Amino acid sequence: MATERTTIHTLIQKKKDGEKIAAVTAYDYPFAEIADEAGMDIVLVGDSLGIVVQGEETTLPVTMDQMVYHTRLVSRAVKKALVVGDMPFLSYQAGIEDAVRNAGRFVQEGFAQAVKLEGGAGVLDQVSAISRAGIPVMGHLGLTPQSVHQMGGYKVQARSPAEGDKLLADARALEEAGVFAIILEGIPARLAKRATQSVSVPTIGIGAGPHCDGQVLVLHDLLGLFVKFSPKFVKRYANLREESLKALRHYRSEVLSGEFPTDQHSF
Ligand code: KIV
């Protein structure tokens, strides 16, 4: 029997029922398959791709073609979770038509069920237009990595009362514009709690404390595959870089010594 797909309605219901939502990023077939099998509600094809897969300093160089390609790899593997494609820098900021066409590419070519974009008051028209085109949209407030230069680095956001009020207003405006969920990244836990109480759509936190309706982490951070830097909010559940290094060194030494391959691996 086919497994039932998680939808935006499942997620909204989870908030109503007080059930937490688990989300993770993935960028390719094998890890997306593992994330889905582990029971994730959402698999986000994040533009963090630029940093953890492509080795760039920021997410800014990531293109639409790259995102669509990786989203398709992920979609091929995921049977149950909601696949969300992350709209990269300049795929929606310049105007509504760009935003709708590019969101459409995630669905038509990447087989995603939803898209995500960063920002509040400045992207409400894009959110409404994409939504009106029948494509579910996830919002993203707080530390928005595509604005890294404007923020002056990857810093916790909305620490002052005025900035906190603006974030709450943005969250409500995004809900009004039609988002089905909002990522809250890099903000004080107390503010995330207030935002979570202020909207009826689920909030998914990353560096936003324990009071959000769900949590997302970058796969390579939580598996210990990306170790160049590790923000305070990351919990490492495995050390796959170490494990991989050990395995590859072992393999190399057996090749050099002639221990592998043996008759057992021969025809
Ligand atoms: O690009 C990404 O992976 C993200 C998550 C960190 C929320 O936007």
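Residues numbered from 1 in each chain as written. Predicted model: local features only at pLDDT ≥ 70, side-chain atom pairs only at ≥ 80, totals over all residues. Heavy atoms only, no water.

Student: Describe the site of the ligand, listing the residues and the values that go with them.
Tutor: Close to the ligand lie Thr-25, Leu-44, Gly-46, Asp-47, Ser-48, Asp-86, Lys-116, His-140, Ile-183, Ile-206 and Val-218. The separation between an oxygen atom of the ligand and a polar side-chain atom of Ser-48 is 2.5 Å. The contact in question runs from an oxygen atom of the ligand to an N or O atom on the side chain of Lys-116, over 3.1 Å. Taking 260 Å² as the accessible area of the ligand by itself, protein coverage stands at 96%. (Near = heavy atom within 4 Å. Polar contact = N/O pair within 3.5 Å; in protein donor to acceptor, adjacent residues only side chain to side chain. Areas by Shrake-Rupley, 256 points an atom, 1.4 Å probe, with all protein chains shown as cover.)

Student: Describe the sheet that holds strand β2 (residues 42-45), with residues and values.
Tutor: Read once around its circumference, the closed barrel built from eight strands follows the order β1-β2-β3-β4-β5-β6-β7-β8, with strand pairing classed as parallel. In this sheet, neighbouring strand axes are inclined to one another by 25 degrees on average, regardless of whether the strands run parallel or antiparallel. Here strand β6 (residues 181-185) pairs with strand β7 (residues 203-206) via four bridges, running parallel. Within β7, the residue paired with Ile-183 across the bridge is Ile-204. (Pairing = 2+ DSSP bridges. Helix = DSSP H or I, 4+ residues; strand = E, 2+ residues; numbered from the N terminus. Axes fitted to C-alpha atoms, helices over the stretch in contact; angles between N-to-C directions.)

Student: How would you explain the nonpolar core if you had to name every residue and give the values?
Tutor: In this structure, Ile-130, Phe-180, Ile-182 and Leu-184 are the most contacted members of the largest nonpolar core, which totals 72 residues. Residues within four places of Phe-180 in sequence aside, it is in contact with Ile-8, Leu-11, Ile-12, Leu-82, Val-84, Ala-114, Pro-136, Val-137, Met-138, Val-201 and Pro-202. (Core = buried A, V, L, I, M, F, W, Y, C linked by side-chain atoms within 4.5 Å. Buried < 20%, exposed > 50% of the residue type's maximum accessible area, 1.4 Å probe, protein only. Contact = heavy atoms within 4.5 Å.)

Student: Give a detailed account of the environment of Glu-175, specifying residues and quantitative values.
Tutor: For Glu-175, the position within the fold is in helix α8 (residues 161-177). Each C-alpha atom of the pair Glu-175 and Ser-147 lies 21 Å from the other, and the pair is 28 residues apart in sequence.

Student: Describe the packing of helix α5 (residues 96-108) against helix α6 (residues 124-132), and please don't skip the residues or the numbers.
Tutor: Orientation of α5 relative to α6, taken along the N-to-C sense of each, is 45 degrees, at an axis distance of 9 Å. Judged by the inter-axis angle, α5 sits oblique to α6. Note on packing geometry: the crossing formed by α5 with α6 is right-handed. For the pair α5 and α6, contact is made by Ile-96, Ala-99, Val-100 and Ala-103 and by Asp-125, Gln-126, Ala-129 and Ile-130, respectively. Its residues assigned to classes, the contact of α5 with α6 comprises six nonpolar, one polar and one charged. (Parallel < 35°, antiparallel > 145°, perpendicular 65-115°, else oblique. Left-handed = near helix turned anticlockwise from the far one by under 90°. Nonpolar A, V, L, I, M, F, W, Y, C, P; charged D, E, K, R; others polar.)

Student: Break down the pairing of β7 for me, with residues and values.
Tutor: One face of the sheet, then the other: side chains in a regular strand alternate in exactly this way. Along β7, one buried face is formed by Thr-203 and Gly-205 and the opposite face, lined by Ile-204 and Ile-206, is buried too. Read from β6 through helix α9 (residues 189-198) to β7, the crossover connection turns out right-handed. Pairing analysis gives two bridges linking β7 to strand β8 (residues 214-217), with the strands arranged parallel. Within β8, the residue paired with Gly-205 across the bridge is Gln-215. (Right-handed = clockwise from strand over helix to strand, strands pointing away.)

Student: Lay out the environment of Tyr-251 in plain terms, naming residues and giving numbers.
Tutor: Along the chain, Tyr-251 turns up in helix α11 (residues 240-257). Sequence-wise, Tyr-251 and Pro-261 are 10 residues apart; in three dimensions their C-alpha atoms are separated by 9.9 Å.

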